[in-house]
Amino acid sequence: MIIAVASGKGGTGKTTVAVNLALSISNVQLLDCDVEEPNAHLLLNPKINRKEPVYIPVPTVNEKLCNYCGKCSEFCEYNAIFVGSNKILIFPELCHSCGGCALICPKKAISEKQHKIGTLNFGSAGNLELIYGKLEVGEPLAVPVIKAVKKQIKNDKNVILDSPPGTSCPVIETVKGSDYCILVTEPTPFGLHDLKITVEVLEDINIPFGVIVNRAGIGDRKVYDFCKEKEIPVLLEIPYERVIAELYSQGVPFSLKIPEWKEKFKMLIETVKEYAGK
Amino acid sequence: MRICVTASGNSLDAPVEPRFGRCPYFIFVDSETMAFEAVPNMAMNAMGGAGIQAAQLIASKGAKVLITGNVGPNAFQALVAAGIRIITGAYGTVREVVEKFKRGELRETGSPTVGGHYGRGAGMGRGWRRRYPPPY
Ligand code: SF4
Ligand code: SF4
């Protein structure tokens, strides 16, 4: 089963939930898809067993063949190519690897080379398998790195995906193909606002989902009212409690220290299985 | 000699626009006759690489000098590759800066004057950047 953990905004405790969930089940793979700022490993201190670069193809020009006609630069929608009167420049961080320039070049001067945009880290913490992607600084394309992370999914495992925050393409790339999505939110007006946007997206891509309310007790009841109205199950409430907050600030997943919570997360998985029809 | 000035309007009396890739108009001025051509910037709202596209336009129009406010690293590289002299930090009207240039009162810059944007507003913080849907 593949469960994605997402939230409409950062700082709702999404990663904490993903990590605690992963620690509460067996035969598990935790994939951190927040490749711009992966942080599940900070809570788990895994042993990194190996790393693998992630590449995208970008054009390279054989200047012996090029006659500086400028067709490639004209074609490129992303302005990744500049053609001067006797010089051609490629800007790999703007290229979207569409391959069009190579096709359009009348002199066949363009071929592809590999450009590194990120790294996959393969780690383990006890029985838990953790894989996280890290986008290179300044590289704008998170999606290919997320794809590379998701390629590591093993079908016979329980897979938890820690999604990036928000509702942009990287989030959709992470969540699509999951059996269930857990949305982590806060019972505040901001939490509600972002929850509504995320719910719309999930309804669009047709993935069953439920909500975990983190820091329950702060804010108001509007998140609950919204869930009731939309018939969205509230799967779990994590109260705003000193012990939990303290463990969080120490970077310790709280279910490791509070056995009661480990049970709650176990039960949560069972509930999710039912909702997902697995 | 052909000079390109980035401008916020389409005449010689328009103010210089400091943003190179995102300026509304490029004014190409013949420094001898002061005859000019105003070209609207099609890449003004481009997702990314506006500076590179602007450099491409200026090179294709055969300008030898660019007068503007700020130039980012990508555009800078492209302009240098095209052999275009770059003058930054200019202010006043298009006419004024061209006159100043002719009197030798403007200095060329040897490096980009603003940081990179990577096309998607990096530097505005993560939250902001993430709201931009990458066209991938
Ligand atoms: S299209 Fe081909 S020949 Fe023309 S400028 Fe580009 S690389 Fe050179
Ligand atoms: S591969 Fe596509 S995006 Fe990349 S430089 Fe060529 S045309 Fe532009």
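The rules behind these values
- Residues numbered from 1 in each chain as written.
- Chains lettered and ligands numbered in written order.
- Predicted model: local features only at pLDDT ≥ 70, side-chain atom pairs only at ≥ 80, totals over all residues.
- Heavy atoms only, no water.
- Helix = DSSP H or I, 4+ residues; strand = E, 2+ residues; numbered from the N terminus.
- Contact = heavy atoms within 4.5 Å.
- Areas by Shrake-Rupley, 256 points an atom, 1.4 Å probe, with all protein chains shown as cover.
- Lys, Arg positive; Asp, Glu negative; His and termini not counted.
- Charge placed at Lys NZ, Arg CZ, Asp CG, Glu CD.
- Buried area = accessible area lost by both parts, 1.4 Å probe.
- Salt bridge = Lys/Arg side-chain N within 4 Å of Asp/Glu carboxyl O.
- Polar contact = N/O pair within 3.5 Å; in protein donor to acceptor, adjacent residues only side chain to side chain.
- Nonpolar A, V, L, I, M, F, W, Y, C, P; charged D, E, K, R; others polar.
- Near = heavy atom within 4 Å.
- Domains from an automatic or database assignment.
- Core = buried A, V, L, I, M, F, W, Y, C linked by side-chain atoms within 4.5 Å.
- Buried < 20%, exposed > 50% of the residue type's maximum accessible area, 1.4 Å probe, protein only.
- Phe/Tyr/Trp six-rings, centres within 6.5 Å; stacked < 30°, edge-to-face > 60°.
- Axes fitted to C-alpha atoms, helices over the stretch in contact; angles between N-to-C directions.
- Parallel < 35°, antiparallel > 145°, perpendicular 65-115°, else oblique.
- Left-handed = near helix turned anticlockwise from the far one by under 90°.
- Pairing = 2+ DSSP bridges.

## Digging into the overall build of chain A
The secondary structure content of chain A amounts to 11 helices and 11 strands. Here the C-alpha coordinates of chain A stretch approximately 70 × 40 × 35 Å along the principal axes. Long-range contacts, defined here as pairs at least 24 residues apart, represent 73% of the contacts in chain A between residues at least 6 apart. In the structure as shown, chain A presents an accessible area of about 12800 Å², 50% of it carried by carbon and sulfur atoms. Measuring between centres, the 32 positive side-chain charges of chain A sit 6 Å from its 33 negative side-chain charges.

## Here we look at the interface of chain A and chain B
Of the residues lining the interface, 29 residues belong to chain A; the matching set on chain B comes to 24 residues. Across the interface of chain A and chain B, roughly 2400 Å² is buried in total on both sides, 56% from carbon and sulfur atoms. Where chain A meets chain B, there are zero salt bridges. Summed over the shared surface of chain A and chain B, the result is six residue pairs in polar contact (both at pLDDT 80 or more). Breaking the side of chain A that touches chain B down by element, the ones donating at least two residues are β4 (81-83), α5 (143-150) and α6 (169-175) of chain A. Residue composition of the side of chain A that touches chain B, by class: 16 nonpolar, six polar and seven charged.

## Brief notes about the site of ligand 2
Residues in contact with ligand 2, as listed here, are Pro59(A), Phe75(A), Cys76(A), Tyr78(A), Ala80(A), Ile81(A), Cys95(A), His96(A), Ser97(A), Cys98(A), Gly99(A) and Cys101(A). Residues that form the shell around ligand 2 fall into these classes: nine nonpolar, three polar and no charged.

## Description of the domain arrangement of chain A
Partitioning chain A into domains gives domain 1 (2-54 + 118-276) and domain 2 (63-108). Relative placement of domain 1 of chain A and domain 2 of chain A: their C-alpha centres are 40 Å apart.

## A closer look at the site of ligand 1
Close to ligand 1 lie 13 residues, the nearest being Cys66(A), Cys69(A), Gly70(A), Cys72(A) and Cys105(A). Of the residues contributing to the shell around ligand 1, the split by class is nine nonpolar, two polar and two charged.

## Side note on the nonpolar core
Grouped together as the largest cluster of nonpolar side chains are 69 residues, with contacts concentrated most on Cys181(A), Leu183(A), Phe20(B), Ile58(B) and Leu66(B). Element by element, the count of residues in this core is highest for helix α2 (residues 73-81) of chain B, at five residues. Taken domain by domain, the makeup of this core includes at least three residues from each of domain 1 (2-54 + 118-276) and domain 2 (63-108) of chain A.

## Overview of the packing of aromatic side chains
Residues and elements named next belong to chain A. Evaluation of the coordinates by the stated rule reveals five aromatic pairs over all chains. Ring centres 5.4 Å apart and planes at 90° place the aromatic pair Phe-254 and Trp-261 in the edge-to-face group. As far as the burial class goes, Phe-254 and Trp-261 line up, both buried. Aromatic pair Trp-261 and Phe-265: ring centres 6.1 Å apart, planes at 45°, arrangement tilted. Residue Trp-261 and its partner Phe-265 are both found in helix α11 (residues 259-276); the two are separated by four residues, about one turn of the helix. The same class applies to Trp-261 and to Phe-265, which are both buried. Every member of this aromatic cluster is reached through a ring pair, and the members are Phe-254, Trp-261 and Phe-265.

## Some thoughts on the packing of helix α7 (residues 189-205) of chain A against helix α8 (residues 222-230) of chain A
Any two packed helices are characterised by the angle at which their axes cross and by the distance between the axes. Residues and elements named next belong to chain A. Interaxial distance between α7 and α8 falls to 10 Å at its minimum, and their mutual angle equals 25°. Looking at the two axes, α7 sits roughly parallel to α8. As for the relative orientation of α7 and α8, their crossing is right-handed in sense. On α8, the residues touching Leu-192, Leu-195, Lys-196, Val-199 and Glu-203 of α7 are Lys-222, Val-223, Phe-226, Cys-227 and Lys-230. Its residues assigned to classes, the contact of α7 with α8 comprises six nonpolar, no polar and four charged.

## Topic: the pattern of salt bridges
All names here are of chain A. Enumeration over the complete set of coordinates arrives at 20 salt bridges over all chains. Here Asp-162 makes a salt bridge to Lys-14, at a shortest N to O gap of 2.9 Å. With a gap of 148 residues between them, Asp-162 in strand β8 (residues 158-162) and Lys-14 in helix α1 (residues 14-24) connect regions that are remote in the sequence. Across this residue pair, the class does not change: Asp-162 and Lys-14 are buried.

## Description of the sheet that holds strand β11 (residues 234-239) of chain A
Residues and elements named next belong to chain A. Strand order in the open sheet made by the nine strands is β3-β6-β7-β2-β8-β1-β9-β10-β11, with mixed pairing throughout. Both edges of this open sheet fall to β3 (47-61) and β11, since each of them pairs with a single strand only. Pairwise comparison of adjacent strand axes, ignoring direction, gives a mean angle of 20° for this sheet. In the sheet, strand β1 (residues 2-6) pairs with strand β9 (residues 180-185) via four bridges, with the strands oriented parallel. Within the sheet, the bridge partner assigned to Val-5 lies in β9 and is Ile-182. Its contacts with the sheet place α7 against β9 and β10 (209-216), and it is angled at close to 165° to β9.

## Quick word on the pairing of strand β2 (residues 25-30) of chain B
Residues and elements named next belong to chain B. Pairing of strand β1 (residues 2-7) with β2 involves six bridges; the strand directions are antiparallel. Across the sheet, the residue bridging to Arg-2 is Asp-30, located in β2. In the sheet, β2 pairs with strand β3 (residues 36-40) via five bridges, with the strands oriented antiparallel. For Tyr-25, the partnering residue across the bridge sits in β3 and is Pro-40. Linking β2 back to β3 in an antiparallel pair, the connection comprises five residues, with Met-34 at a positive phi of about 65°.

## Focus on the side chain of Thr93(B)
Residues and elements named next belong to chain B. With respect to the secondary-structure elements, Thr-93 resides in the loop between β5 (85-87) and α3 (94-102). Exposure remark for Thr-93: the relative accessible area of 18% places this residue in the buried category. Separated by 3.1 Å, the side chain of Thr-93 and the backbone nitrogen of Glu-96 make a polar contact.

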